[in-house]
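Structural overview for review
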Amino acid sequence: MIKKILCSTLSASFLAATMSGCTQAAETAGVSCAEVTEAEIAALFDRWNTSLATLDPDQVVANYSPTAVLLPTVSNTPRTDHESIRDYFVDFLPNNPQGVINTRTIALGCNKAHDVGVYTFTFTDDQGQTTQEVARFSYVYVYKDGEWLINHHHSSLMPETLAN
């Protein structure tokens, strides 16, 4: 029981070290764990990034679980429900954001996975001028009702960027 509680409350930084232990605890508790590969988890970022390209906030929000938390890059407000996550993307999408992963670490567990690293976003304004920002990211995914969804998403500009 203690192991199950610990597994459900660990932060993303500890997930890699504990994912296999959580999987074993879940399997012995009778929970069915979805099989997933690192490539499939990596593809979830691509799915999210493709939804950004639609410029439709509803398509972006569809990637998030009902209990998701978004700690966004360009807002001081934590977003803790679909309505507030959608509100963030209504303001963010007109910048035509597109991300590219620079580095990442993926860890797999029982119906949870995380993808953390650094990405670069390119933004295009109305005149076609582009700017780029480098940021750290963490995505924690959960497998629920037959699909992988973002349950936690944090993105923050690199400290070197903020110092300039």
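Structure shown above.
Let us look at the structure shown here.

The rules behind the values
Residues numbered from 1 in each chain as written. Predicted model: local features only at pLDDT ≥ 70, side-chain atom pairs only at ≥ 80, totals over all residues. Heavy atoms only, no water. Core = buried A, V, L, I, M, F, W, Y, C linked by side-chain atoms within 4.5 Å. Buried < 20%, exposed > 50% of the residue type's maximum accessible area, 1.4 Å probe, protein only. Helix = DSSP H or I, 4+ residues; strand = E, 2+ residues; numbered from the N terminus. Contact = heavy atoms within 4.5 Å. Disulfide = S-S within 2.5 Å. Salt bridge = Lys/Arg side-chain N within 4 Å of Asp/Glu carboxyl O. Phe/Tyr/Trp six-rings, centres within 6.5 Å; stacked < 30°, edge-to-face > 60°. Pairing = 2+ DSSP bridges. Axes fitted to C-alpha atoms, helices over the stretch in contact; angles between N-to-C directions.

Once that is clear, we can look at the nonpolar core. One finds I41, W48, Y64, F89, Y139, Y141 and W148 to be the most contacted residues of the largest nonpolar core, which totals 30 residues. Elements represented by at least two residues in this core include exactly helix 3 (38–53), helix 4 (57–61), strand 1 (64–71), helix 5 (82–92), strand 3 (112–124), strand 4 (130–144) and strand 5 (147–157). Those residues within four positions of Y139 in sequence are excluded, and the remaining contacts are F45, W48, A113, H114, D115, Y119, I150, H152 and H153.

So, about the state of the cysteines. Put plainly, two cysteines are in a disulfide when a covalent bond ties their sulfur atoms together. In the structure shown here, the tally under the stated rule is 1 disulfide. One disulfide in the model links C33 with C110; its S-S distance is 2.0 Å. The chirality of the disulfide connecting C33 with C110 is left-handed, given an S-S dihedral of about -90 degrees. Within this pair, whereas C33 is found in the loop between helix 2 (12–28) and helix 3, its partner C110 is found in the loop between strand 2 (98–108) and strand 3, the two being separated by 77 residues in sequence.

Quick look at the pattern of salt bridges now. Tallied over the entire structure, the rule returns 3 salt bridges. Of the charged contacts, one joins R79 and D87 as a salt bridge, the two residues approaching to 3.2 Å between their closest N and O atoms. Taking the shortest distance from any N to any O, the salt bridge between D115 and R104 comes out at 2.9 Å. Separated by 11 residues along the polypeptide, D115 in strand 3 and R104 in strand 2 bring together distant segments of the chain.

Okay, the packing of aromatic side chains next. Going through the model one piece at a time under the given rule, you end up with 18 aromatic pairs. Here the aromatic rings of F45 and W48 are separated by 5.7 Å at their centres, their planes lie at 40 degrees, and the arrangement is tilted. Taken together, the residues F45 and W48, both in helix 3 and 3 residues apart, mark about one turn of the helix. Comparing F45 with W48 shows no difference in burial state: the two are buried. Between the aromatic rings of Y139 and Y141, the centroid separation amounts to 5.8 Å while the plane-to-plane angle is 10 degrees, which identifies the pairing as stacked. Among the aromatic side chains, those forming a connected cluster through ring pairs are F45, W48, Y64, Y88, F89, F92, Y119, F121, F123, F137, Y139 and Y141.

Further remarks concern the sheet that holds strand 4. Strand pairs in the sheet, formed through backbone hydrogen bonds, run parallel or antiparallel to each other. Ordered in space as 1-5-4-3-2, the 5 strands form an open sheet in which the pairing is mixed. Lying at the two open borders of the sheet, with one neighbouring strand each, are strand 1 and strand 2. Ignoring which end each strand starts from, the neighbouring axes of this sheet average 20 degrees apart. The pairing of strand 4 with strand 5 spans 10 bridges and is classified as antiparallel. Looking at strand 5, one finds that R136 is bridged to S156. Against the sheet, helix 3 contacts strand 1, strand 2, strand 3, strand 4 and strand 5, and its axis sits at roughly 150 degrees relative to strand 2. On top of the sheet, helix 5 reaches strand 1 and strand 3; it is set at about 55 degrees to strand 1, its chief contact.

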